[in-house]
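Coordinate inspection notes
Each chain is listed here by its residues.
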Amino acid sequence: MAEEAPVVKDTTVTPPGADAELMQRMFATMHLIRTFEERAAEEYMRGNIGGFLHLAIGEEAAVVGSVLALRPTDPITSTYREHGQALARGSEPRAVMAELFGRETGLCHGHGGSMHLMDRERFFFGGYGIVGGSIPLAVGLGFAISYRQEDGVALVMFGDGATNQGVLGESMNMAKLWSLPVIFFCLNNQYGMGTAVDRASADTQLTKRADAFGIPAHRIDGMDVLAVQQAVSDAAHHARTQHDPVMIEAIAYRYRGHSMSDPDRTRPEDEKARWRARDPLVTFERILLGEGLVTAEELAAVRDANQAAVDDAVAFANDSPPVPETALADDVYTDPWSDDSRGSARMPRRSE
Ligand SMILES: Cc1ncc(C[n+]2csc(CCOP(=O)(O)OP(=O)(O)O)c2C)c(N)n1
Ligand SMILES: [Mg+2]
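Residues numbered from 1 in each chain as written. Chains lettered and ligands numbered in written order. Predicted model: local features only at pLDDT ≥ 70, side-chain atom pairs only at ≥ 80, totals over all residues. Heavy atoms only, no water.

**Remarks on the coordination of the magnesium ion (ligand 2)**
The protein atoms donating to the magnesium ion (ligand 2) are Asp160 (OD), Asn189 (OD1) and Tyr191 (O), with metal-donor distances spanning 2.1 to 2.2 Å. Coordination of the magnesium ion (ligand 2) draws on donor residues from a single chain, spaced D-x28-N-x1-Y in sequence. Note that Asp160 is positioned in the loop between strand E2 (154-159) and helix H6 (166-177) and Asn189 in the loop between strand E3 (182-188) and strand E4 (191-192), a separation of 29 residues in sequence. The class for Asp160 is buried, based on a relative accessible area of 3%. Assessed through its relative accessible area of 6%, Asn189 is described here as buried. (Donors = N, O, S within 2.8 Å, 3.2 Å for Na, K, Ca; no water. Helix = DSSP H or I, 4+ residues; strand = E, 2+ residues; numbered from the N terminus. Buried < 20%, exposed > 50% of the residue type's maximum accessible area, 1.4 Å probe, protein only.)

Dropping the structure here:
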């Protein structure tokens, strides 16, 4: 059985410290991600996107709350379910859609596809196809920050399924031992593919993974964008000022199957309905309107602008040339000692 839905908070009061401009940006970004991914699903069905396509529809609050709580120069790594993180970081919808389409104009020149988006300029160190694989990369990014005596924070987003990979313990141990500013952000959508967390984990309180290393850990409502933003802001402050890692476990739910090839027949219908009733976009829209932070007309304008951006991104991807076969081995084999190869792999300095 999956987690019970946390009690829906009827948030009628703007939380202290909430910033209207930030809240509007959160809504616009969540809506952009939702619109983008719904369209990506359609394009996949049309055969315009090959390979795998993992959607985070339903998880937008966890994605946006965490990315917008960080500075744009704080490096992030993620899983294969990472379109939202790239968009929230400011990657162009055109470049992201073209990457999904496997086109030369894509974010990674069409070589990465849906699971391997990366945007070095925006300190987004990418999606990763191997479950848990990006966790040690974030520790490396945290090490780079510490070594250069900068005040950044590295955040890695991983799923509940990844918490049973040994590499999480290895990474947490090193991060704590070396006092690295890393936020271990577990987006617990309560399933790894079709397997519920209590069928895969002997202890479903996933924050306990951090206890063994003396890392502070907090379980939060991942469907509430304000709760996520607050928790990640606090974690980032702690990591920056104390040079200490933090774990956050955000309880959320994805509204679609694991990937486009999963018909999602095994999760109970009543469970899906319960979580759909907590749609993070609907809940947040209600708060914004109720608090008078936005008008219905302004929300309609945001929706129209996002729809236009996604339509434009699809037209751009469609019109872009596919990756030629001659590029098949590009970026696969390299000379590890060339300046070019080191330049592309390393983390840029904040002044770059
Ligand atoms: C090391 C490894 N083992 C197995 C897989 C196959 N696999 C892909 S996604 C997935 C489930 C992971 O679930 P979770 O970490 O909860 O992330 P979610 O998909 O729910 O976002 C598995 C087992 C893989 N990609 N990598
Ligand atoms: Mg999961």
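**A short note on helix H1 (residues 20-45)**
Taking 1.5 Å as the rise per residue, H1 with 26 residues should run 38 Å; its terminal C-alpha atoms sit 38 Å apart, in good agreement. You can read the cap of H1 off the contacts: a side-chain oxygen lies 2.9 Å from the backbone nitrogen of Glu21, and it is on Asp19. Of the residues trailing H1, Gly47 is marked for its positive phi of about 85°. (Expected span 1.5 Å × (residues − 1). Polar contact = N/O pair within 3.5 Å; in protein donor to acceptor, adjacent residues only side chain to side chain.)

**So, the site of ligand 1**
Lining the immediate environment of ligand 1, one finds 15 residues, of which Tyr80, Arg81, Gly161, Asn189 and Tyr191 sit closest. The contact in question runs from an oxygen atom of ligand 1 to an N or O atom on the side chain of His258, over 3.5 Å. Notes on ligand 1: free accessible area 590 Å², of which the protein chains cover 72%. Split into classes, the residues belonging to the shell around ligand 1 amount to 6 nonpolar, 7 polar and 2 charged. (Near = heavy atom within 4 Å. Areas by Shrake-Rupley, 256 points an atom, 1.4 Å probe, with all protein chains shown as cover. Nonpolar A, V, L, I, M, F, W, Y, C, P; charged D, E, K, R; others polar.)

**Quick look at the confidence of the model for the protein chain**
Across the protein chain, pLDDT averages 92, with 89% of residues at or above 70. Across residues 5-13, confidence stays below pLDDT 50; counting only partners more than four residues off in sequence or on other chains, it has 11 contacts. (pLDDT = per-residue confidence, 0-100. Contact = heavy atoms within 4.5 Å.)

**A few points about helix H9 (residues 225-242)**
Here H9 spans 25 Å end to end across 18 residues, near enough to the 26 Å set by a 1.5 Å rise per residue. By the N-cap criterion, in which a side-chain oxygen at the helix start approaches the backbone nitrogen of a residue two or three places on, H9 is capped by Asp224, the distance to Leu226 being 3.0 Å. Positive phi shows up at His243, right after H9, with a value of about 50°.

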